[in-house]
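Read off the chains here:
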Amino acid sequence: MNGAQAATGGSADQKPSNPVRGEATLVIAGRPFLLRPTFNALVCAEEELGSLFALVERAGEGKLRLAEIATLFWHCLAQRGGLTREDVGQAVLAQGLAAAARPLRVLLAEILKGQP
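What you see is a predicted model; the values in this text were computed from it and never measured.

Colleague: So what's going on with the pairing of strand S2 (residues 31-35)? Which residues, and what values?
Modeller: For S2, a buried count of four out of five residues is recorded, marking the element as mostly surrounded by other parts of the structure. As consecutive antiparallel partners, strand S1 (residues 24-28) and S2 are separated by two residues, and within that stretch Ala-29 has a phi angle of approximately 55°, a positive value.

Right, here's the structure in full:
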């Protein structure tokens, strides 16, 4: 991993996240994984979680559940590389909600504003 990749959370086999495109990075089992909120990913998340607008409202009210965060992250993973949903949930738990809030804010902002 070079310095630029380390600074942005990328790995040698994965592009670094691009916040302008609504991408974020989540560290799972010590490795950075790209979260990319594509239309397909968000549709799949919405099918499981219900309205994304309601999800954003719950987040704003501090009522978002751990399972909802992990589910959104799971669906937005650009590459799963053998990960399980439990791995994603364990990563959120291991890092704590404060650390998980960083990529969550990026994804929620992208859901609200869309891409330029």
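Now that the structure is up, let's keep going.
Colleague: Residues and numbers for helix H6 (residues 97-113), please.
Modeller: A rise of 1.5 Å per residue sets the reference length of H6, with its 17 residues, at 24 Å; its end C-alpha atoms lie 23 Å apart and thus fit the reference within 8%. Along H6, the sharpest kink reaches roughly 30°, centred on Pro-103. Every buried residue of H6 is listed here: Ala-99, Ala-100, Ala-101, Pro-103, Leu-104, Leu-107, Leu-108 and Glu-110. Residues of H6 that are buried make contact with S1, S2, helix H3 (52-60), helix H4 (66-76) and helix H5 (85-95).

How each quantity is defined
Residues numbered from 1 in each chain as written. Predicted model: local features only at pLDDT ≥ 70, side-chain atom pairs only at ≥ 80, totals over all residues. Heavy atoms only, no water. Buried < 20%, exposed > 50% of the residue type's maximum accessible area, 1.4 Å probe, protein only. Helix = DSSP H or I, 4+ residues; strand = E, 2+ residues; numbered from the N terminus. Pairing = 2+ DSSP bridges. Expected span 1.5 Å × (residues − 1). Bend = angle between axes of the 7 residues up to and from the residue. Contact = heavy atoms within 4.5 Å.

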